[in-house]
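Listed here are the chains, written in short residue letters.
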Amino acid sequence: MILLSEPFFGGKEWKYVKECIDTAWVSTAGKYVERFERDICAYTGAANAVACMNGTSGLQIALLLAGVKPGDEVIVPTLTFIAPVNAIRYVQAEPVFMDCDDYMNISAEKLDEFCRRECLLTKAGLKNKKSGKIIKAVIPVHIFGNPCLLDLIMKTAGKYKLKVIEDATESLGTYFTSGKYVNKFTGTIGDFGVFSFNGNKIITTGGGGMIVSCNRREAEQAKYLTTQAKDDPIRYVHHQIGYNFRLTNIQAALGVAQLEQLERFIQIKKKNYKLYEKGLENIAGLTLLGVPAETRPNYWFYSLLVDKKAFGLDREQLMKKLQEKKIQARPIWYLNHWQKPYRHNQSYKIEKACWYWERVLNIPCSTGLKPQEIQSVITAITR
Ligand SMILES: Cc1ncc(COP(=O)(O)O)c(C=O)c1O
């Protein structure tokens, strides 16, 4: 079976993990946790990083620190994995769903239009005219490693006093190559950024996450909250309700070893993307989703747009055919404004997201894919 997205271990993973076990530093204390935080800062240019148990918990803490309170609202794309939407509910706020752009990222234009037409800037913050609630934040998600139009999003957020929490769980390694944020990595531009090291991500710790922030005090607070809010760790005094969200040393050891290889992984994934691009270019009705200009994406996932009329099969039929050939392919996520827990939530002019939802099929993208496996996928699709 050629799987959709498998982890790739090709460096010092065993050495570092063995060291944790040999020294018995396996839990949340231990030198690798802080080393991983420092390494993420060095790689991305983030000023502060706090390791946590996964991206979802990182988003939850970032929302809390952004000042999102029960009854507030947070703008989030409908086209995303459900985790950031659930994180909004974990802090007892409500999502407002936004449409996507041509890279499946949150539409910066509609976001601005929504704030301008549907909201009022008040002393208490941005008031949603329909619900009467205050919108505290927006979560741009860098879908499949392609960066959102942060230039516009940050402008809108500044104008309307929204905190920006970048969901960079899929985009570690992605940066801008020109414009206002030239050489800036996704995750390091908003008020907070969150990475994930889940098993399917570009680097993995099995499960893991990282909160980054340019504000040292907020980063300290993130560490405090993710480690049970210990005010006196010897006498077990706690002034706040904390969480057991810290990453373990074993996981961090894996992360340090994986991060050492990230640039090589991105080069391989870019090369594989080009192989697919060339192999699929002449098939009517199929388009490999491009990458935004003036960016260096991490090429995490490869999304194929299937036009049934021209190709002859729809996305589901193609997925089934590939499955028969032992090739795993997957559609994009069922849109969040259609999900049972969120059907009652407000959504704004969702059009493009539905279009993409109908057409996208993600094809195998593991870093360890061999050229002959890529050729097998191309041949199967061509046939
Ligand atoms: C867009 C997005 N946000 C959040 C998450 C949550 O990350 P984690 O699985 O580490 O909790 C994921 C992936 O898993 C994701 O793809």
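It should be emphasised that the depicted structure is a prediction, and the values quoted were computed from it without experimental measurement.

The rules we used
Residues numbered from 1 in each chain as written. Predicted model: local features only at pLDDT ≥ 70, side-chain atom pairs only at ≥ 80, totals over all residues. Heavy atoms only, no water. Disulfide = S-S within 2.5 Å. Buried < 20%, exposed > 50% of the residue type's maximum accessible area, 1.4 Å probe, protein only. Core = buried A, V, L, I, M, F, W, Y, C linked by side-chain atoms within 4.5 Å. Domains from an automatic or database assignment. Contact = heavy atoms within 4.5 Å. Salt bridge = Lys/Arg side-chain N within 4 Å of Asp/Glu carboxyl O. Helix = DSSP H or I, 4+ residues; strand = E, 2+ residues; numbered from the N terminus. Near = heavy atom within 4 Å. Polar contact = N/O pair within 3.5 Å; in protein donor to acceptor, adjacent residues only side chain to side chain. Areas by Shrake-Rupley, 256 points an atom, 1.4 Å probe, with all protein chains shown as cover. Buried area = accessible area lost by both parts, 1.4 Å probe. pLDDT = per-residue confidence, 0-100. Phe/Tyr/Trp six-rings, centres within 6.5 Å; stacked < 30°, edge-to-face > 60°. Lys NZ or Arg CZ within 6 Å of the ring centre and 35° of its normal.

*Asks:* So what's going on with the state of the cysteines? Residues and values would help.
*Replies:* A complete count under the given rule lists zero disulfides for this structure. Note on C20: no disulfide assigned, nearest cysteine sulfur contributed by C52 at a separation of 18 Å. The exposure class assigned to C20 is buried, which follows from its relative accessible area of 1%.

*Asks:* Lay out the nonpolar core in plain terms, naming residues and giving numbers.
*Replies:* Membership of the largest hydrophobic core comes to 104 residues, with the highest contact counts inside it found for I40, Y276 and I381. When residues of this core are assigned to domains, at least three fall in each of domain 1 (13–259) and domain 2 (263–382). With near-sequence residues (within four places) excluded, I40 lies in contact with G45, A49, L172, F195, F197, M210, V212 and L259. A108, I153, Y181 and I189 belong to the second-largest nonpolar core, a separate cluster that totals 24 residues.

*Asks:* Describe in detail the pattern of salt bridges, supporting the description with residues and values.
*Replies:* A side chain with one charge may pair with a side chain of the opposite charge, provided their charged atoms come close. Overall, the coordinates contain 21 salt bridges when judged by the stated rule. Of the charged contacts in the structure, one is a salt bridge between R216 and E220, with a shortest N-O distance of 2.9 Å. Here E220 and R216 lie together in helix α7 (residues 216–226), a separation of four residues that amounts to about one turn. A relative accessible area of 58% means that R216 is categorised as exposed.

*Asks:* If you had to explain the environment of I153 to someone new, which residues and values would you point to?
*Replies:* With respect to the helices and strands, I153 occurs in helix α6 (residues 150–160). Between the C-alpha atoms of I153 and L111, which are 42 residues apart in sequence, the distance is 7.7 Å. If near-sequence neighbours (up to four positions away) are discounted, I153 is found in contact with I106, A108, L111, P140 and C148.

*Asks:* I'd like to hear about the environment of C115, residue by residue, with values.
*Replies:* Within the fold, C115 resides in helix α5 (residues 108–118). In this structure, the C-alpha to C-alpha distance between C115 and D232, residues 117 residues apart in sequence, is 43 Å. Setting aside chain neighbours within four positions, we find C115 in contact with I75, L126, T156, Y160 and L162.

*Asks:* Which residues make up the site of the ligand, and what values go with them?
*Replies:* The ligand sits among 16 residues. The nearest are T56, D167, E170, S196 and K201. A distance of 2.5 Å separates an oxygen atom of the ligand from a polar atom in the side chain of T56. Note that an oxygen atom of the ligand is positioned 2.5 Å from one of the side-chain N or O atoms of E170. Protein chains bury 92% of the 380 Å² of accessible surface belonging to the ligand in isolation.

*Asks:* How would you explain the domain arrangement of the protein if you had to name every residue and give the values?
*Replies:* Its domain assignment divides the protein into domain 1 (13–259) and domain 2 (263–382). Placing a centre on the C-alpha atoms of domain 1 and another on those of domain 2 gives a separation of 25 Å. With 47 residues of domain 1 at the contact, the number on the domain 2 side is 36 residues. Between domain 1 and domain 2 lies a buried interface of about 3,800 Å² when both sides are counted; carbon and sulfur atoms form 57% of it. Looking at the side of domain 1 facing domain 2, the largest losses of area belong to F97, F144 and I202, adding up to 20% of the total buried there. Summed over the shared surface of domain 1 and domain 2, the result is three salt bridges. The salt bridge involving K349 is made with E113; its shortest N-O contact spans 2.7 Å. Remark: the boundary between domain 1 and domain 2 carries 29 residue pairs in polar contact (both at pLDDT 80 or more).

*Asks:* Which residues make up the confidence of the model for the protein, and what values go with them?
*Replies:* Should the pLDDT be low somewhere, the predicted coordinates at that spot are not to be read in detail. Chain-level statistics for the protein give a pLDDT mean of 98 and a share of 100% at 70 or above. Here helix α10 (residues 308–311) stands out as the least confident element of the protein, with mean pLDDT 96; strand β2 (residues 73–77) is the most confident, with 99.

*Asks:* Just give me the short version of the packing of aromatic side chains, but keep the residues and values in it.
*Replies:* This model, assessed by the stated rule, comprises 20 aromatic pairs. Here F36 and F197 contribute two aromatic rings whose centre-to-centre distance is 4.9 Å and whose plane-to-plane angle is 55°, an arrangement assigned as tilted. Of this pair, F36 sits in helix α2 (residues 31–44) while F197 sits in the loop between β9 (192–196) and β10 (209–213), and the two are 161 residues apart along the sequence. With respect to class, F36 is no different from F197; both count as buried. Linked through ring pairs, F144, W300, F301 and W333 together constitute an aromatic cluster. K31 extends its terminal NZ or CZ atom over the ring of Y32, reaching a point 5.4 Å from the ring centre. The ring of W357 is capped by R315, whose NZ or CZ atom sits 5.4 Å from the centre of that ring.

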